[in-house]
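One letter stands for each residue in the lines below.
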Amino acid sequence: MKLLGGHFADKVVERVKSGRVFRGTGDDWDLKVLKGHMRKDIQNEDLHLFASNLIENRVNFSHLPNVHPKGVIANFPRYQFSLNVREWKVYLSSAKIIVGRIILEFFPKFKWLKSVIPRHIPHVYSTEMAQKSTIVNLPLLNANEAKYEDCVSILRAYERWIAEIYHKAGILKEVPHTDNPEVPGAPAAPGQPNAHRQDTADDPMREMKIVFAGDQLTRVRFAGAKDLLSGSHTPSDRFEHCSPFKPVMWHTKASLLQYSYSFLHKAESVSQVGTLKYFREKFNRRNATPSKVLDCYEGSEELFLSVGRAYIVTAALSFFGMASTEEMPTKNTFPPHISAQSEENKKTYFEEVFGKFIDVYLLQKTAITDGEDYVKNYALCFIFLTILILQLKDTAAEADGERNLINQKLLLSVFKSMGAYSKYALEMFTSIAQMECMLTPRLAEEVKWGFFVNWRGGPGNNMEDDLAQEISNRLSKSIVQRMGPNKTLKSISKVCKAANGIKEVKEQFDTSAGIRHTSVQHTTRDSLADEKAMIADLVQLDPFRIMPGRYHESFPEIKSCPLRYLNIVEFHQWLDKHKWELSNIK
């Protein structure tokens, strides 16, 4: 174990020596240790530890300047926190492809589109993001992120490890002195502005930085700890080499799914055909947990996306004038002999007709009617949120930093549209401010393209950094649970540090021995059968035929898009408030 853990730590030193840059993630690591023979002084233990990973950046931005930030947050325009015309075009273009993939699954007559709809949405660093990532486990820390004192201990450990890595790599001549001052008793300042102050210009370690990320609690606690100790005398005591602390995207996606359930799921709507609760009960999806989606994230996401896909297919039936998915379109029809036409002609049809579909059902560019159809509004909300979640999933799979920034800008408005989700809106605000304004050009690009990791290699196989941290924690816990009763912090930390090494040795052995696994991905057996049954219910409901005054009893006045709940004046006042807090650096 010690040898494996040491080998992967040495790999970090080697890669740093060759000019590579790493980033980090951290999350709580909780485990209940059950004692086989309990005594008065030998009881079950609840361990609250903290686990961290280092991940190598796959794109090198060393050619970009790293002296001054891109802008001044006080002067940063508010409109930069929303999508501009170019960004909307990128979002809508990928939305067309996502809808096209769904149409291909359900509509046999559209099979000729297969050559037009790409399997992977390309971006400028698609080749780099298809490479397998280097992930290294750091030692477990006996710390609880819920306490500021423990957060300070975690950050001091990060600073120590970063200095040791660069010292062993021969880049840092000597490990810097630290004073380790006491943590002030006062709370962090509103907005934690000093967590975003510029790094010390004459610091010998200024270029030796590993940016860390965590979920909402982790990031806020780390930023608060840095803010509290911003008056310390040395850069290491001010945590300048393990910051800025950036948000993560898997927990953000989980927050969006929770938002979607809170918006579209009500227990009393069980008998109302077309509602999320109706489909949960009809198809016995008990592994969907609406009150807390993280209790069973996979089941909750599967149900929501199944219903959302059913709504998209039902919208397509209406849009193309089809009574069933097996028919030919009677509206927005194909050009004659389309299957035999050139790829350019096929693409022209796709761009024009599917662009029109997006205009109608996502952007909702339709004629104003005399009264509201709230059943249709519910359906349009479902489509909007489904496409947004699918955008997040596809962006993560392709590790597209540019689309991720676009998604964050849209998420900022969505989260802010419901006051209960303002803390997640603040996460998006912070991330956008970092990448667009407060960081240097080099660091901004490293952050933008450093949200995703590729565990296996290959295009479309990326996942969010924090999801990789969750899987790494689960892997190390499964090893620890087989250690027997004599678990100590030292032995647990040794095992966790070697967890990825154990995984790679096992995979290498399986390969050399010719052992083939039946599958490396989860199956979604029978999801299409359920979705086709959902579509049959929705066809009977006919949600896209405008009937003014129609509504679901539990959603009597629902608007057609979450963004319609956003008070623009209050939103801009909120932006100004948080811009002012971030600019209040002492």
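Being a predicted model, the structure only gives us computed values, none of them experimental. (Residues numbered from 1 in each chain as written. Predicted model: local features only at pLDDT ≥ 70, side-chain atom pairs only at ≥ 80, totals over all residues. Heavy atoms only, no water.)

### Brief notes about the overall build of the protein chain
- A count of helical and extended segments in the protein chain gives 18 helices and seven strands.
- Taken over C-alpha atoms, the radius of gyration comes to 26 Å for the protein chain, in line with the 25 Å a tight globule of 586 residues would show.
- The principal-axis extents of the C-alpha atoms in the protein chain amount to approximately 75 × 60 × 55 Å.
- The proportion of buried residues among the 586 residues of the protein chain is 54%. (Helix = DSSP H or I, 4+ residues; strand = E, 2+ residues; numbered from the N terminus. Rg over C-alpha atoms; globule rule 2.2 N^0.38 Å. Buried < 20%, exposed > 50% of the residue type's maximum accessible area, 1.4 Å probe, protein only.)

### Quick notes on the nonpolar core
- Ranked by internal contacts, the top residues of the largest apolar core, which has 125 residues, are L256, F304 and L412.
- Among the elements that take part in this core, helix α10 (residues 374-398) stands out by supplying 16 residues, more than any other.
- Once you skip the residues sitting within four places of it in the chain, F304 turns out to touch L257, S260, Y261, L264, L276, F382, L385, T386 and I389.
- In this structure, A163, A195, M205 and M208 belong to the second largest nonpolar core, which totals 35 residues. (Core = buried A, V, L, I, M, F, W, Y, C linked by side-chain atoms within 4.5 Å. Contact = heavy atoms within 4.5 Å.)

### Looking at empty space enclosed by the protein
- All chains considered together, the criterion is met by six cavities of 30 Å³ or more.
- Space inside the largest cavity adds up to approximately 60 Å³.
- Forming the walls of the largest cavity are V21, F22, R23, N57, K209, V211, K246, L443, E446, V447 and G450.
- Elements with a contribution of two residues or more to the lining of the largest cavity: β1 (22-33) and α13 (441-448).
- When residues in the lining of the largest cavity are grouped by element, the largest group, three residues, is from α13.
- The residue makeup of the lining of the largest cavity, split by class, is five nonpolar, two polar and four charged. (1 Å grid on protein atoms, 1.4 Å probe; cavity = no way out; pocket = protein on both sides within 12 Å on 5 of 7 lines; lining within 4 Å. Points joined across faces, edges and corners; volume = space filled by probe spheres on them. Nonpolar A, V, L, I, M, F, W, Y, C, P; charged D, E, K, R; others polar.)

### Quick word on helix α4 (residues 148-168)
- The end-to-end C-alpha distance of α4 is 30 Å, a good match for the 30 Å that 21 residues give at a rise of 1.5 Å each.
- One or two steps after α4, the chain reaches G170, where phi turns positive at roughly 80 degrees. (Expected span 1.5 Å × (residues − 1).)

### Regarding the sheet that holds strand β4 (residues 211-213)
- If you trace the five strands from one edge of the open sheet to the other, you get β3-β2-β1-β4-β5, paired in mixed fashion. Each of the sheet's edge strands pairs with one partner strand only, and the pair in question is β3 (135-137) and β5 (245-246). (Pairing = 2+ DSSP bridges.)

### Focus on the pattern of salt bridges
- Scanning the entire structure with this criterion turns up 29 salt bridges.
- For E56, the salt bridge goes to R20, with nearest N and O atoms at 2.8 Å. In this pair, E56 is assigned in strand β2 (residues 45-56) and R20 in the loop between α1 (2-17) and β1, connecting sequence segments 36 residues apart.
- Given the relative accessible area of 5%, E56 is considered buried.
- Its salt-bridge partner being R403, residue D394 comes within 2.9 Å of it at the nearest N-O pair.
- When its relative accessible area of 10% is taken as the criterion, D394 is described as buried. (Salt bridge = Lys/Arg side-chain N within 4 Å of Asp/Glu carboxyl O.)

### Focus: unusual backbone geometry
- Following S243, the chain continues into P244 via a peptide bond in cis, with omega recorded as 10 degrees.
- Relative to the assigned elements, P244 resides in the loop between α5 (216-228) and β5.
- Residues other than glycine seldom take positive phi values, yet Q364 does so here, at roughly 60 degrees.
- Looking at the secondary structure, you find Q364 in the loop between α9 (343-361) and α10.

### What to know about the environment of P562
- Looking at where P562 falls in the secondary structure, it is placed in the loop between α17 (527-541) and α18 (568-583).
- Among the residues examined, P562 registers a relative accessible area of 0% and is labelled buried.
- Separated by 411 residues in sequence, P562 and C151 place their C-alpha atoms 36 Å apart.
- Every residue in contact with P562, bar those within four places of it in the chain, is listed here: Y259, F263, C381, F384, L385 and S417.

### Re the confidence of the model for the protein chain
- Of the residues in the protein chain, 92% reach a pLDDT of 70 or more, and the chain-wide mean stands at 91.
- A low-confidence stretch, residues 1-6 stays under pLDDT 50, and its non-local contacts, those more than four residues away or across chains, total 11 contacts. (pLDDT = per-residue confidence, 0-100.)

### Brief notes about the pairing of β2
- In terms of burial, β2 is largely enclosed, as nine of its 12 residues are buried.
- Both β2 and β3 contribute to a ladder of three bridges, which runs antiparallel. Across the sheet, I55 pairs through a bridge with I135, a residue of β3.

### Brief notes about the packing of helix α2 (residues 85-106) against α9
- Two numbers describe how α2 lies on α9: the axes approach to 10 Å, and their chain directions differ by 95 degrees. Taken together, the axes of α2 and α9 are roughly perpendicular relative to one another. Taken together, the residues of α9 that come into contact with α2 (itself represented by L92, A95, K96, I97, V99, G100 and I103) are F350, E351, F354, G355, F357 and I358.
- Classifying every residue of the contact of α2 with α9 by side-chain character gives nine nonpolar, two polar and two charged. (Axes fitted to C-alpha atoms, helices over the stretch in contact; angles between N-to-C directions. Parallel < 35°, antiparallel > 145°, perpendicular 65-115°, else oblique.)

### Describing the packing of aromatic side chains
- Applying the stated criterion across every chain yields a total of 42 aromatic pairs.
- Arranged with centres 4.9 Å apart and planes meeting at 85 degrees, the rings of Y125 and W449 form a pair that is edge-to-face. Of the two residues, Y125 sits in the loop between α2 and α3 (126-129) while W449 sits in the loop between α13 and β6 (452-454), which places them 324 residues apart along the sequence.
- Under the relative-accessibility criterion, W449 is labelled buried at 8%. (Phe/Tyr/Trp six-rings, centres within 6.5 Å; stacked < 30°, edge-to-face > 60°.)

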